[in-house]
Amino acid sequence: MNITINQVLQSYIDPLTASEYAALERSLLAEGCRDALVLWNDVLIDGHNRYAICRQHGIEFKTIQNTSFSSLDDVMLWMIDNHLARRSVSDFQRGVLALRKKEIVAARSPAPVSAADAPEGENAPKPPMSTREEVAKVARLSSNQISQIEKIQKAASPELVEAVRSGTISINAAATVASLPPEEQVAAVAGGKKLLRQAAKEIREQRAATRTPREPKVHVSQDTPETGNEPWADNAAQAPSEAERLRGEIASLKQKVAQLQAENVELNQRIATLIDAS
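Only a predicted model underlies this, so the values are computations on that prediction, with no experimental measurement involved.

What counts as what
Residues numbered from 1 in each chain as written. Predicted model: local features only at pLDDT ≥ 70, side-chain atom pairs only at ≥ 80, totals over all residues. Heavy atoms only, no water. Helix = DSSP H or I, 4+ residues; strand = E, 2+ residues; numbered from the N terminus. Buried < 20%, exposed > 50% of the residue type's maximum accessible area, 1.4 Å probe, protein only. Contact = heavy atoms within 4.5 Å. Areas by Shrake-Rupley, 256 points an atom, 1.4 Å probe, with all protein chains shown as cover. Phe/Tyr/Trp six-rings, centres within 6.5 Å; stacked < 30°, edge-to-face > 60°. Salt bridge = Lys/Arg side-chain N within 4 Å of Asp/Glu carboxyl O. Expected span 1.5 Å × (residues − 1). Core = buried A, V, L, I, M, F, W, Y, C linked by side-chain atoms within 4.5 Å. Axes fitted to C-alpha atoms, helices over the stretch in contact; angles between N-to-C directions. Parallel < 35°, antiparallel > 145°, perpendicular 65-115°, else oblique. Nonpolar A, V, L, I, M, F, W, Y, C, P; charged D, E, K, R; others polar.

(A) Structural detail: the overall build of the chain. For the chain, the helix and strand inventory stands at 14 helices and three strands. Taking all 278 residues of the chain together, the buried fraction comes to 32%. Restricting the contact set of the chain to residue pairs at least 6 apart, pairs at least 24 apart contribute 71%. Of the roughly 17,800 Å² of accessible surface on the chain, a fraction of 50% belongs to carbon and sulfur atoms.

(B) Broad picture of the packing of aromatic side chains. This structure, assessed with the given rule, holds two aromatic pairs. Judged by centre distance (5.7 Å) and plane angle (85 degrees), the rings of Tyr-51 and Phe-61 are edge-to-face. Taken together, the residues Tyr-51 in helix α3 (residues 48-57) and Phe-61 in the loop between α3 and β3 (63-65) connect sequence positions 10 residues apart. Given the relative accessible area of 10%, Tyr-51 is considered buried. For Phe-61, a relative accessible area of 27% puts it in the partly exposed group.

(C) Here's a closer look at the side chain of Asp-74. Relative to the helices and strands, Asp-74 resides in helix α4 (residues 72-84). Taking relative accessible area as the criterion, Asp-74 reaches 17% and is therefore assigned buried.

(D) Quick look at the pattern of salt bridges. Tallying each qualifying case throughout the model produces eight salt bridges. Measuring nitrogen to oxygen at the nearest pair gives 2.9 Å for the salt bridge that ties Arg-132 to Glu-150. Of this pair, Arg-132 sits in helix α6 (residues 132-139) while Glu-150 sits in helix α7 (residues 143-155), placing them 18 residues apart in sequence. Under the relative-accessibility criterion, Arg-132 is labelled partly exposed at 38%. Glu-150 sits in the partly exposed class, given a relative accessible area of 24%. Notably, a salt bridge pairs Glu-162 with Arg-165, separated by 2.9 Å at the nearest N-O pair. Of this pair, Glu-162 and Arg-165 both sit in helix α8 (residues 158-165), three residues apart, which is roughly one turn of the helix. According to the relative accessible area criterion, Glu-162 is partly exposed, its value standing at 40%. Three or more residues joined by partner-sharing salt bridges are found here, namely Asp-46, Arg-50 and Arg-86.

(E) Inspection of the environment of Ile-169 at higher detail. With respect to the helices and strands, the residue Ile-169 is situated in the loop between α8 and α9 (171-177). Classification of Ile-169 as buried rests on a relative accessible area of 5%.

(F) Helix α5 (residues 91-108), seen in detail. In this model α5 runs 26 Å from its N-terminal to its C-terminal C-alpha over 18 residues, within 8% of the 26 Å that 1.5 Å per residue would give. Where α5 is buried, its residues contact α4, α6, α7, α8 and α9.

(G) Fine view of the nonpolar core. Counting residues in hydrophobic clusters, the biggest one holds 47 residues, and the most contacted among them are Ile-45, Ile-152, Leu-160 and Ile-169. Examining the composition of this core, we find that seven residues originate from one element, α5, more than from any other. Sequence-distant contacts of Leu-160, that is, excluding residues within four places in its chain, are made with Ile-169, Ala-174, Val-177, Ala-178, Gln-185, Val-189 and Leu-196. Among the nonpolar cores identified, the runner-up in size contains 10 residues, and Ile-3, Cys-33, Leu-37 and Leu-39 belong to it.

(H) Seen up close, the packing of α5 against α7. Their axes nearest at 10 Å, the elements α5 and α7 cross at an angle of 80 degrees. Relative to α7, α5 is oriented roughly perpendicular. Across the interface between the two elements, Asp-91, Phe-92, Gly-95, Val-96, Leu-99 and Lys-102 of α5 pack against Gln-145, Ile-146, Ile-149, Glu-150, Ile-152 and Gln-153 of α7. By residue class, the composition of the contact of α5 with α7 is six nonpolar, three polar and three charged.

Dropping the structure here:
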């Protein structure tokens, strides 16, 4: 039987860890391949790991055809949904799969109708999975996690991507470390989980130090006309002094921010020292 492995489809599968692969191999050697491999024509679409182990050890296997697909995109969407339904798939991989599904759905969707071209009195329909919230719902993640995974895909080095995929570092920490230059990302990954966490912490502290605090607003209600005899009139008269106090606090905070900004160089040096020490 001629079975074709499509590399694009195979990339949709989260690779097994060494222990998971060994457990599957023991199971197949002891019990045989009980579940049939799924094919689309001659292309394998489900059972890649079982197929590799069966071929290696000469274990017999069965195949079934799924004839419901009309294109490779249909196969991809089926594989994505199939993997998203599995509990063993990590949060990061679910986010990656959901984003891939978004790309496929967007490519297959017709061009969006502009508001001007929409029928009178109707809003222009939105393409499916066009918002981050919709992608997050498909992946069973938060919108913030999807945003972080997008950042990892865009800016992370291959070593950092592998670290988050394997669970060495969290999605949140990986998105933070991805803001470093590629060579520093690689060095941080080489330093292990402790150094990755420390680098993420240093970056967050640096960002917090450069964040300018918001000025508080003083609100005076104008719902009731003033007569000058209200019980709160004396307090209202003191409003200017309160405003002055707030201005003083703001000035003090700005001075502190300036001091913290001056420490940024030191923080960067500490990160570089940690990386060199690894």
